[in-house]
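The chain contents come next:
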Amino acid sequence: MESNHKSTMKSISKLISQSSQSFFSAFLDDSKDKKLKNKEREEILKKLQVASAQKSLVVLQLKEVPTSQKFETVAGWIVSKSITDSMMLRLQDDPQQIRMITVEHIKKVSSLSRNDKRQIK
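Overview of the structure. (Residues numbered from 1 in each chain as written. Predicted model: local features only at pLDDT ≥ 70, side-chain atom pairs only at ≥ 80, totals over all residues. Heavy atoms only, no water.)

1. Remarks on a positive patch on the surface
For clarity, the cut-off: A patch consists of residues exposed above 30% relative accessible area that lack any salt bridge, with like charges linked at up to 9 Å and nonpolar side chains (Val, Leu, Ile, Met, Phe, Trp, Tyr) linked at up to 5 Å. Where accessible areas are quoted, they stem from the Shrake-Rupley method and a 1.4 Å probe; at the residue level, only the protein chains shown are allowed to cover. Any carboxyl oxygen of Asp or Glu that lies within 4 Å of a side-chain nitrogen of Lys or Arg is treated as forming a salt bridge with it. As used throughout, the charge tally considers Lys and Arg to be positive and Asp and Glu to be negative, leaving His and the chain termini uncounted. A single reference atom marks each charge: NZ on Lys, CZ on Arg, CG on Asp, CD on Glu. Strands here are runs of E lasting at least two residues and helices are runs of H or I lasting at least four, both read from the DSSP assignment and numbered beginning at the N terminus.
Together, Lys37, Lys63, Lys70 and Lys107 make up a positively charged patch on the protein surface. One can find Lys37 in helix α1 (residues 2–54).

2. Considerations on the nonpolar core
How we decide: To qualify as a nonpolar core, a set must consist of buried Ala, Val, Leu, Ile, Met, Phe, Trp, Tyr and Cys residues joined through side-chain atoms within 4.5 Å. Relative accessibility under 20% of the residue-type maximum defines a buried residue, over 50% an exposed one, and the middle range a partly exposed one, all with a 1.4 Å probe and only protein chains included. Two residues qualify as a contact provided that any one of their heavy atoms is within 4.5 Å of a heavy atom in the partner residue.
Core analysis: the biggest nonpolar cluster contains 17 residues, and Leu48, Leu60, Ile78, Met87, Leu89, Ile101 and Ile106 have the highest contact counts within it. A per-element tally of this core places α1 first, with 4 residues. Excluding residues within four positions of it along the chain, Leu89 makes contact with Leu60, Val74, Ala75, Gly76, Trp77, Ile78, Val79, Gln97, Ile98, Arg99 and Ile101.

3. Section: the pairing of strand β1 (residues 57–63)
Note the following rule: Paired strands, in this sense, are two strands between which DSSP finds at least two bridges.
By the criterion of burial, β1 is predominantly enclosed, with 5 of the 7 residues buried. Taken together, the 7 bridges between β1 and strand β2 (residues 71–78) define a ladder with antiparallel strand orientation. Its bridge partner being in β2, Leu57 is matched across the sheet by Trp77. As paired elements, β1 and strand β5 (residues 106–112) share 6 bridges and run antiparallel to each other. Directly across from Leu60, in β5, lies its bridge partner Val109.

4. Focus on the sheet that holds β5
To keep things clear, this is the line we draw: Whenever a helix is involved, its axis is fitted only over the stretch in contact; in every case the axis is a line through C-alpha atoms, and angles between N-to-C directions fall within 0 to 180 degrees.
Spatial strand order, β4-β3-β2-β1-β5: 5 strands in an open sheet with antiparallel pairing. On the outer flanks of this sheet lie β4 (98–102) and β5, each paired with one strand and no other. Strand-to-strand twist in this sheet, taken as the mean axis angle between neighbours without regard to direction, amounts to 40°.

5. Brief notes about a nonpolar patch on the surface
On the surface, Val79, Met88, Ile98 and Met100 cluster together to form a nonpolar patch covering roughly 360 Å² of accessible area. For Met100, the position within the fold is in strand β4.

6. A look at the environment of Val58
If you trace the backbone, Val58 turns up in strand β1. Taking the C-alpha atoms as reference, Val58 lies 4.4 Å from Ser111; in sequence the two are 53 residues apart. Residue contacts for Val58: discarding those within four places in its chain leaves Leu48, Ala51, Val74, Ala75, Gly76, Ile78, Val109, Ser110 and Ser111.

7. A short note on the pairing of β2
Of the strand pairs in this sheet, β2 and strand β3 (residues 86–91) are connected by 3 bridges, and their pairing is antiparallel. Looking across to β3, one finds that Ile78 is bridged to Leu89.

8. A look at the side chain of Gln61
Position of Gln61 relative to the elements: it lies in strand β1. Residue Gln61 is classed as buried on the basis of its relative accessible area of 17%. With sequence-adjacent residues up to four places away left out, Gln61 is seen in contact with Phe71, Glu72, His105, Ile106, Lys107 and Lys108.

9. A short note on the side chain of Ser52
The condition that has to hold: For the purposes of these results, a polar contact is taken to be a pair of N or O atoms within 3.5 Å, where, inside protein, one atom must be able to donate a hydrogen and its partner to accept one; residues adjacent in sequence count only when each atom of the pair is a side-chain atom.
With respect to the helices and strands, the residue Ser52 is situated in helix α1. In this structure the side chain of Ser52 is engaged in a polar contact, spanning 3.3 Å, whose partner is the backbone oxygen of Ser80. With near-sequence residues (within four places) excluded, Ser52 lies in contact with Ile78, Ser80, Lys81 and Ile83.

In C-alpha cells, the structure reads:
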C-alpha cells in the first residue's frame, strides 16, 4: 500500500512540474509573439511614413474584414501627416472619399512613388 501511495505522489509531483514547465514555456512564447507583432507593426508604420512623405500611391491589404473575403485591398494616398494608431487614406477610386484605417488591420503595404517609372492611373 505504501509503494502505491509513493507512486501516486510521484506521478502527481511529475504532473505538477510538467504543467508548470509548460505554463512557463507558453508564457515565453507569448512574449515572442508580442515582440514579433510589434516588429511587424513598426515595419508597417515605417513604410507608411515613407509613403506619406513621398506622397506615394499606397495599396493596403487589410485583414479581419467582416465581409466574406479573407482580406480587403484598398488603394489611395495618405492624408495623415503623422501615423500612430490610425491613418487617413484618400481613395484612388473616389478622390472625394477619405477612409480611416487602423494600423493593426493592415496586413501588407505596397507603395508607388510619383517619380517611379511605372504608370499611376
